[in-house]
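# Notes for the structure review
Now for the letters of each chain:
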Amino acid sequence: MSETTVTVESSATEASSCCGSCGTGAAKTPATATAERAVFQVKGMTCGHCVTSVTTELTKVDGVTEVAVDLATGQVTVDSTQPLADTDVAAAIDEAGYDLVGRLDG
């Protein structure tokens, strides 16, 4: 397993008695709109437990909607509803037991 993605979603259902195949049934929509994407380099992750720990802590940061961890490269992509402070991300990664090397995008 080289990449894990966690998405926060909710179901929105329109009133309908059909099976939904015509597009009027249940549809998945994001719980909140993603406005920002940031990629971070994290040092020390070696296994699935590492991925779970980092993902769990980052999803606790206000505004985070999705976390994708590429274990092979150590890159963590975080989608959020607002720009994230590097200090908040560093604190979450530190709480998980790993080291934030830095932000990879501008």
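Further up the page is the structure itself.
A quick note: this is a predicted structure, and the numbers were derived from the prediction, not measured. (Residues numbered from 1 in each chain as written. Predicted model: local features only at pLDDT ≥ 70, side-chain atom pairs only at ≥ 80, totals over all residues. Heavy atoms only, no water.)

## Some points on the overall build of the protein chain
As a reminder of what qualifies: Helix and strand assignments follow DSSP, with helices taken as H or I runs no shorter than four residues and strands as E runs no shorter than two, numbered in order from the N terminus. Note on exposure labels: buried denotes an accessible area under 20% of the residue type's maximum, exposed denotes more than 50%, and partly exposed covers the range between, all computed with a 1.4 Å probe on protein chains only. Surface exposure here means Shrake-Rupley accessible area, sampled with a 1.4 Å probe, where a residue is shielded only by the protein chains that are shown.
Each helix and strand in the protein chain was counted, giving two helices and seven strands. The linear arrangement of helices and strands in the protein chain, starting from the amino end, is β-β-β-β-α-β-β-α-β. Expressed as a percentage of the 106 residues in the protein chain, the buried residues total 31%. If you sum the accessible surface of the protein chain, you get close to 6200 Å²; carbon and sulfur atoms cover 49% of it.

## Describing the pattern of salt bridges
Note on pairing: side chains with opposite charge can pair once their charged atoms come close. Definition in use: A carboxyl oxygen of Asp or Glu within 4 Å of a side-chain nitrogen of Lys or Arg is what we treat as a salt bridge.
This model, assessed by the stated rule, comprises three salt bridges. Arg103 is paired through a salt bridge with Asp86; the nearest N and O atoms lie 2.5 Å apart. Of this pair, Arg103 sits in strand 7 (residues 99–103) while Asp86 is found in helix 2 (residues 86–96), placing the two residues 17 residues apart along the sequence. Judged by its relative accessible area of 37%, Asp86 falls in the partly exposed class.

So, to be careful, I would describe these as geometric facts and stop short of saying anything about function.
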